[in-house]
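# Fold and geometry: a report
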Amino acid sequence: MMKELMERQNFFLSIIIPLYNPVFCEFKRCIDSMTGITIPHEIVVVDDGSDDDISYECENYIKDSAVIKFVKKENGGVSSARNFGIEKSCGKYILFLDADDEISTEFVEYLNNNCDKIVADWVLCGIKVKDIEKKKEFYRTIVEKDIFHSNEDIFNVDYGYVLQLRAESKELCECWAKFIKRDILKKYDVQFKTGMLSGEDALFNTCLMQHIVTIQCIPIYGYIYYYIPRLAPRVVDDPIKRWLYLFEGEKELENLIHEKCDTETAQKLIKEKKSITTVEIVQDCFILIKAKRLSANIRKGLFNVIDEYGLFDELDICDCTSVKRKLYYILLKEKRWTAMRAIVNLKQALKR
C-alpha cells in the first residue's frame, strides 16, 4: 500500500474527464487518444450520475487499464464533477478533458519527449476545432500562429499579455487545453462554482489567474475540440439567470484587472471587455427573438441586470454610431416589431 501511494504521488499528470451519459463511440475515441502516453500519469473518469447501462459500458471499456480509475458520484453538474476529480487526483499537473473531445497524437508525442520542460504554474496549448455542423476545421492559439512553426518546444508568455487577451476576447474562457499545477488549486481552494448555467470555466480561470505567476505555451495544437452548437437552450431556458452568473464572472475579472494593472490600463481593458460583453448580449437577443421568447418581462429583466452591472456606464446611447449597439438598445428597450426591423436594417448595413 505504501509503495502504491508513493508511486501515485510521483504522477506528473492527472487527466480529469467528467462524464454524464456520453455517446459511447465519442468516449471511446477520447480514451483511445491517450493510450500512447508513457510519462507517469493517471486518468480520472468522473461519472456524474450517468444512466446505469451507459455507466457500465464506459467502465467496462476501461476496466483493464492500469492508469485509468473510474469514480462515481451523484449527479451534480460538470462543475461538481471536475471538483470531485481534483480531489481524487494525485498528479503534479491537472489537465481537464471533455468526454467528447480528444488530444492529438502530436501532443502525446510532445508529452512523452518534453514533459520535463513544463514547469510553469499554467501551461497553455493550441486548440484544433472541428465544427461538426459546418464540417470545417480551424485553429486557435493565444500566440501568433507562425510561432507554431518555430524550433522552440515551449516558451514563456507574459502575464500581462494573457490578462489582456482574457479581457479583450473570448479566448481563455475554457478550462481545458491547459496544464494547471494542482498545488495551486489546493493551496488557494480554487474550484468550479456549481449550479452555473454557463460561464463556469471563465470564472474558474479568472480565480486561478489571481494566484498564478508563471505561464508557458506549448506550440502544438494539442487539444481537439468537437464543436456542436449548444448555447441556444441555455439562453432560452433562463436568460436572466444565465446573465446573473456571467456578470458575476465579469465582476471577478474586473477585480483582477484592477489588482494587476495600473489605472489607465485597467480602464482601457475594462472598456474593451464591456464592448465584447455587449456583442454577446446582442447574440443572445437574436436567439431569444428567433425562439419567440423575448417577452416584455425578459426584456425588462435583462435591462435591469445589465444596468445593475454597469454595462451602460460607458455607452452613450444618444450618440451611438455602432449598429450593433443601437440594436442592443432597441432589443432591450423597445417592442419586438421594432427589434425585428432593426435586425433587417443591420443585415442591410452589413451587406453594404
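Data block above holds the structure.
Residues numbered from 1 in each chain as written. Predicted model: local features only at pLDDT ≥ 70, side-chain atom pairs only at ≥ 80, totals over all residues. Heavy atoms only, no water.

## A closer look at the overall build of the protein
From N to C terminus, the protein includes 14 helices and ten strands. Scored against the burial criterion, the 352 residues of the protein give a buried share of 50%. Here the analysis covers contacts within the protein between residues at least 6 apart in sequence; of these, 81% occur between residues at least 24 apart. Carbon and sulfur atoms make up 50% of the accessible area of the protein, which totals about 18100 Å². (Helix = DSSP H or I, 4+ residues; strand = E, 2+ residues; numbered from the N terminus. Buried < 20%, exposed > 50% of the residue type's maximum accessible area, 1.4 Å probe, protein only. Contact = heavy atoms within 4.5 Å. Areas by Shrake-Rupley, 256 points an atom, 1.4 Å probe, with all protein chains shown as cover.)

## What to know about helix H11 (residues 263-290)
Here H11 is 28 residues long and its end C-alpha atoms lie 41 Å apart, about the 40 Å a rise of 1.5 Å per residue gives. Of the residues that open H11, the one with a side-chain oxygen 3.2 Å from the backbone nitrogen of Glu-264 is Asp-262. Looking one or two residues beyond H11, the residue adopting positive phi is Lys-292, at roughly 55°. (Expected span 1.5 Å × (residues − 1). Polar contact = N/O pair within 3.5 Å; in protein donor to acceptor, adjacent residues only side chain to side chain.)

## Things to note about the nonpolar core
Proteins that are soluble and globular tend to have nonpolar side chains buried together. Ranked by internal contacts, the top residues of the largest apolar core, which has 80 residues, are Ile-17, Met-34, Phe-96, Ile-118, Trp-122 and Ile-218. With near-sequence residues (within four places) excluded, Met-34 lies in contact with Ile-15, Ile-17, Ile-43, Leu-97 and Ile-103. Counting residues in hydrophobic clusters, the runner-up holds 17 residues, among them Val-235, Phe-247, Cys-285 and Val-305. (Core = buried A, V, L, I, M, F, W, Y, C linked by side-chain atoms within 4.5 Å.)

## Some details on the pattern of salt bridges
Enumeration over the complete set of coordinates arrives at 19 salt bridges. Close ionic contact of Lys-28 with Asp-32 constitutes a salt bridge, the shortest N to O distance being 3.1 Å. Taken together, the positions of Lys-28 and Asp-32, both in helix H2 (residues 24-32) and four residues apart, correspond to about one turn of that helix. By relative accessible area, Asp-32 is classed as partly exposed at 29%. Close ionic contact of Lys-268 with Glu-168 constitutes a salt bridge, the shortest N to O distance being 3.2 Å. In this pair, Lys-268 is assigned in helix H11 and Glu-168 in helix H6 (residues 159-168), connecting sequence segments 100 residues apart. (Salt bridge = Lys/Arg side-chain N within 4 Å of Asp/Glu carboxyl O.)

## With respect to a negative patch on the surface
A surface patch of negative charge is lined by Asp-51, Asp-52, Asp-53 and Glu-57. Along the chain, the position of Glu-57 falls in helix H3 (residues 52-61). (Patch = residues over 30% accessible without salt bridge, like charges linked within 9 Å, V, L, I, M, F, W, Y side chains within 5 Å. Lys, Arg positive; Asp, Glu negative; His and termini not counted. Charge placed at Lys NZ, Arg CZ, Asp CG, Glu CD.)

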